[in-house]
Amino acid sequence: MKRTTFKITGMRCASCAGRIEKQLGATAGIGLAVVNLAMNELAVEYDEQQITPTAIEAQITALGFGAQQLTAAGELRFGVQGLHCSSCVGTLEKKLLSHPAITLAVVNLAQETAFVTYDPAALSKEQIFALVTEAGYRPVASESAGDDAAQLTTDRNWFIFSLLASLPIMATMSLHHQPAIGWMNLLLATAVQFSAGLTFYIGSYHALKNRSANMDVLVALGTSAAYFYSLFAFFGMAGPHGAVFFETSAMLIAFIRLGKYLEAGARGKAGEALKKLLRLQADKARLVTAAGEQEVPAAQLRVGDIVSVRPGETIPVDGVVLEGASSVDESMVSGESLPVEKTAGSDVTGATINRSGLLKIAATRVGAATLLAQIVRLVQDAQTDKAPIQRFADRVSSVFVPVVILLALLTFAGWFFIMQAGFLFAFVLAISVVVIACPCAMGLATPTAIMVGSGIGLNRGILVKRGSVLENISRLQVLLLDKTGTLTQGKPSLTDVVTAVGITERELLICLAAAESRSNHPLAEAAVAGLLLKGITAGAVADYQERGGFGVSCRYEGRALLAGSHHLLEEAGISTAALTETAAALAAEGKSLIYVAADGQLLGLAGFADRLKESSVSAVAELKKLGIAVHMLTGDNRLAAAAIAKAAGVDGFEAEMLPERKQLVVQEYRSRGLYVGMVGDGINDAPALARADIGIAIGGGADVAKETGDIVLIRDDLMDVVRAIRLGRATLAKVKQNLFWALFYNVIGIPVAAGLLYYPLGITLKPEFAGLAMALSSVSVVTNSLLLKRFDKKL
């Protein structure tokens, strides 16, 4: 099977993507067809003996879409500084796509990154960066993109400065006619306008230069109108009754700077997740040569090389075991705690850990072809994806700003040219429209509610990493749960003790404790830990030997002990038939077994299982009450998965999964129009967490899962998922209330500010009252958000 990628044009929604996938999926010779709607790309695996890329293009064209095979395309990911809103995203994407050598440009506002596919023969990295600079933004290398701590400090300092400068103006706004106070307010407002507010002028310049209008334009226009009108009025140029309202421009800048500070504080650190994934790869490897073993950098290994891996070391490549036997910790791949026994002919994965014996491995995949590198790629692709709601927000933003400006111009033109009113009268009304329509309250509607909601969540051990998560989590329809470490405790524990006829339980447990006392196998460690709880400790043993995949043998108090699989005992001529029925029943429940024998006599067996967490059953039940379908995903075997799924009460499950499959399951649910959440704790869950609409990472899991997830449950309590959803729903309700009040002021205030009530009632909204209305709308939004704190007691 070969793999290729097509650029698709003409898609409008998930249904379009589904049509393409369905058509190609039913075509002979095509093994896989996956559409990335956000990136307008189609990935196809096909048999070149049955079908060609040209024929695939023809099928797509027949469906009414355009298709172009992407060959030899270069890819570039980099950070972008200076992005302020969704309009900035559209501006930069438009600028990048204006170059004929660029076929795709996706800008991620939350992560401040850009992804570009281009023709490397016609365009260089430096030229792409030059395009970004021309658009008014600053490109930076991915490794150094977004120094979040520095940005957070900068935004905080600007907010504090603008707030401290604005408060005296607000306090003395009624005394501006006094010369000393008037000059003080002028100086403070000027300082705020051209320092903390300078960024809006810069953003407006670049936006207008690139023939677009973003929120910077409206903010700069509104604050400038308020500031310069007040400046004219202060010097008597607006007539004897000219009003001074420096507080409007200053407080407006302070509120918007607050929004920037909150945004910077909530922004996720996606780059760190990828770096932590890459750190799992071994730096060094022992290359086996004719002259012996030679330590070399892992990056120098090639397919076919033979490497030696000692106990405790990280396997540096994907490969096949040539010699040796060992247990390998594959939790990085499967997420399961039990190691997998490896012998000659077994496949092994790079970045997994050799737990016991010496292995010689022939490399089959190295570098970018390894499973670890593929997981990194999956995370990158998932994080590059752009949700449809974000594109909708981009379109709304691009319309909102021009509409407000147009309304202000129409107000001025209507009064000055049609109604023949004086210039100052018309100009003041136009200023009032811009000021009252300034998006301060709308900008605060979401972040203030999310700020309060995030604080409540943090107090409850629910860490929200991105500002929009609490709003989006309320929309969840399907929740996918990883098994190990999420539903279960993440490690095996002793659950069953079965003795042979004539053997006491204490005798069996003492021999089991002795036999497993020196092993570092997870089942052995679970046995020792479980027996300690029963007050049983092991004495000294002699002649200790451990065989990977079989078990251990030793001598204890003169007795020859065996502990391990039934193969170990049968090899020694000890029959396990007496416990066959019991063992089969335990195995059917997905439990792992250790048989114990002494001096050639079967003593019994012990069963081990990864138990459910205490809160798992109640959490699943509560999720169902919230109307959310709950499904379990695991790399564990089907028997163990079925037992856990039944005990937890989930709606369904899928077992024996690899990381790629988990991500595809998430995408399958999303392609059906469902809002999907993923809960996991392992590195193998990272792609699925990134692909899901909401990724929820268990706090005790791998760091990369926590970095990729949108929410981190610090306490490892699945009930916190329920609390997070309830909190999200309460937060969304508060956001909707805030938006209502913000829009209410605009809907009522703009017509009044435009002078529609001047005839016959003689009512107009002066700029100072427009500024006051804007301030009141902001105060009402913030106050309403603070009322969310009362919900804390209901969680």
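Look a little higher up for the structure.
Residues numbered from 1 in each chain as written. Predicted model: local features only at pLDDT ≥ 70, side-chain atom pairs only at ≥ 80, totals over all residues. Heavy atoms only, no water.

A. The arrangement of the pairing of strand E12 (residues 318–323) in detail. In terms of strand pairing, E12 meets strand E17 (residues 359–365) through five bridges, oriented antiparallel. Its bridge partner lying in E17, Val-321 is registered against Ile-361. With two bridges connecting them, E12 and strand E15 (residues 347–348) associate as antiparallel partners. By the bridge assignment for E15, Val-320 is matched with Asp-347. (Pairing = 2+ DSSP bridges. Helix = DSSP H or I, 4+ residues; strand = E, 2+ residues; numbered from the N terminus.)

B. How the structure looks around the sheet that holds strand E13 (residues 326–329). Spatially, three strands are ordered E14-E13-E16 in an open sheet, and the strand pairing comes out antiparallel. Two strands bound the open sheet, and with one partner strand each, they are strand E14 (340–342) and strand E16 (353–354). Taken together, the three bridges between E13 and E14 define a ladder with antiparallel strand orientation. Bridge pairing in E14 places Ser-327 opposite Glu-341.

C. The arrangement of the side chain of Gln-59 in detail. With respect to the element layout, Gln-59 can be found in helix H2 (residues 53–62). A polar contact is formed between the side chain of Gln-59 and the side chain of Gln-23, at a distance of 3.4 Å. When sequence neighbours within four positions are dropped, the list of residues in contact with Gln-59 reads Gln-23, Leu-24, Thr-27 and Ile-51. (Polar contact = N/O pair within 3.5 Å; in protein donor to acceptor, adjacent residues only side chain to side chain. Contact = heavy atoms within 4.5 Å.)

D. Examining helix H23 (residues 638–648) more closely. Within the sequence span of H23, burial applies to Ala-640, Ala-641, Ile-644, Ala-645 and Ala-648. Each buried residue of H23 sits inside an arc of 130° when the element is viewed along its axis, so together they form one side. Packing partners of the buried residues in H23 comprise helix H17 (483–487), helix H22 (616–625), strand E26 (629–633) and strand E27 (652–654). In the stretch just after H23, Gly-649 is the one whose phi turns positive, near 85°. (Buried < 20%, exposed > 50% of the residue type's maximum accessible area, 1.4 Å probe, protein only. Arc of directions from axis to C-beta.)

E. Geometry of H2. Those residues of H2 lying buried are Pro-53, Ile-56, Gln-59 and Ile-60. When H2 is viewed along its axis, its buried side chains cluster within an angular range of 115° and face the same direction. Looking at H2, the residues exposed on the side facing more than 90 degrees away from the buried face are Thr-54 and Ala-62. The first or second residue beyond H2 is Gly-64, which carries a positive phi of 100°.

F. Layout of the packing of aromatic side chains. Following the criterion strictly, the structure yields 19 aromatic pairs and no others. With centroids separated by 5.0 Å and ring planes inclined at 80°, the aromatic side chains of Tyr-227 and Phe-228 adopt a geometry described as edge-to-face. Assessed through its relative accessible area of 32%, Phe-228 is described here as partly exposed. Pairing Phe-416 with Phe-417 gives two aromatic rings, centres 5.0 Å apart and planes at 80°, and the pair type is edge-to-face. Phe-416 sits in the partly exposed class, given a relative accessible area of 28%. Three or more aromatic residues joined by ring pairs make a cluster, and in this case those are Trp-183, Phe-194, Tyr-201, Tyr-227, Phe-228, Phe-234, Phe-235 and Phe-246. Positioned above the aromatic ring of Phe-550, the side-chain terminus of Arg-547 is 4.3 Å from the ring centre. (Phe/Tyr/Trp six-rings, centres within 6.5 Å; stacked < 30°, edge-to-face > 60°. Lys NZ or Arg CZ within 6 Å of the ring centre and 35° of its normal.)

G. Spatial organisation of the nonpolar core. Leu-479, Leu-487, Ile-696 and Val-721 are the most contacted members of the largest nonpolar core, which has 43 residues in total. Top element by residues in this core is helix H27 (residues 719–753). It accounts for seven residues. Sequence-distant contacts of Leu-479, defined by excluding residues within four places in its chain, comprise Leu-623, Ile-628, Ala-629, Val-630, His-631, Gly-677, Met-678, Val-679, Ile-696 and Val-721. (Core = buried A, V, L, I, M, F, W, Y, C linked by side-chain atoms within 4.5 Å.)

H. Fine view of the packing of helix H18 (residues 505–516) against helix H19 (residues 522–533). The geometry of H18 relative to H19 is characterised by a closest axis approach of 9 Å and an angle of 135° between their N-to-C directions. On the basis of their axis angle, the class for H18 and H19 is oblique. Classified by chirality, the crossing of H19 by H18 is left-handed. Contacts between H18 and H19 involve Leu-509, Leu-512, Ala-513 and Glu-516 from the former and Ala-524, Ala-527, Val-528 and Leu-531 from the latter. A breakdown of the residues in the contact of H18 with H19 according to their chemical character gives seven nonpolar, no polar and one charged. (Axes fitted to C-alpha atoms, helices over the stretch in contact; angles between N-to-C directions. Parallel < 35°, antiparallel > 145°, perpendicular 65-115°, else oblique. Left-handed = near helix turned anticlockwise from the far one by under 90°. Nonpolar A, V, L, I, M, F, W, Y, C, P; charged D, E, K, R; others polar.)

I. Spatial organisation of the pattern of salt bridges. Tallied over the entire structure, the rule returns 18 salt bridges. Note that Lys-662 and Asp-482 form a salt bridge whose closest N and O atoms lie 3.0 Å from each other. Linking Lys-662 in helix H24 (residues 659–671) with Asp-482 in strand E19 (residues 478–482), this pair joins segments that are 180 residues apart in sequence. Assigned by exposure class, Lys-662 and Asp-482 land together as buried. Each of Asp-496, Glu-589 and Lys-591 takes part in a single network of salt bridges with overlapping partners. (Salt bridge = Lys/Arg side-chain N within 4 Å of Asp/Glu carboxyl O.)

J. Region of the structure containing a nonpolar patch on the surface. Where nonpolar side chains cluster on the molecular surface, the patch consists of Trp-183, Phe-194, Phe-228, Phe-232, Phe-235 and Met-237 and spans about 620 Å² of accessible area. Secondary-structure assignment places Phe-232 in helix H8 (residues 215–234). (Patch = residues over 30% accessible without salt bridge, like charges linked within 9 Å, V, L, I, M, F, W, Y side chains within 5 Å. Areas by Shrake-Rupley, 256 points an atom, 1.4 Å probe, with all protein chains shown as cover.)

K. Spatial organisation of unusual backbone geometry. At the junction of Tyr-759 and Pro-760, the peptide bond is cis and its omega measures out at 5° in the coordinates. Following the sequence through the fold, Pro-760 ends up in helix H28 (residues 758–761). Phi is positive for Asp-543, close to 55°, though the residue is something other than glycine. The residue Glu-656 is not glycine, and still its phi comes out positive at about 55°. If you trace the backbone, Glu-656 turns up in the loop between E27 and H24. For Glu-656, a relative accessible area of 55% puts it in the exposed group.

L. Here's a closer look at the environment of Met-419. Tracing the backbone through its elements, the reader meets Met-419 in the loop between helix H13 (388–418) and helix H14 (423–436). Using a relative accessible area of 41% as the deciding quantity, one classes Met-419 as partly exposed. When near neighbours in sequence (up to four residues on either side) are disregarded, Met-419 contacts Gly-414 and Tyr-759.

M. Looking closely at the sheet that holds E17. In spatial order, the strands read E10-E9-E11-E17-E12-E15; together these six strands make up an open sheet with antiparallel pairing. Looking along the sheet, the strands with just one partner apiece sit at the ends: strand E10 (292–297) and E15. Across six bridges, the pairing between strand E9 (residues 284–289) and E10 is antiparallel. The partner of Thr-289 across the bridge, within E10, is Gly-292.

By themselves, these are just geometric observations and shouldn't be taken as functional.
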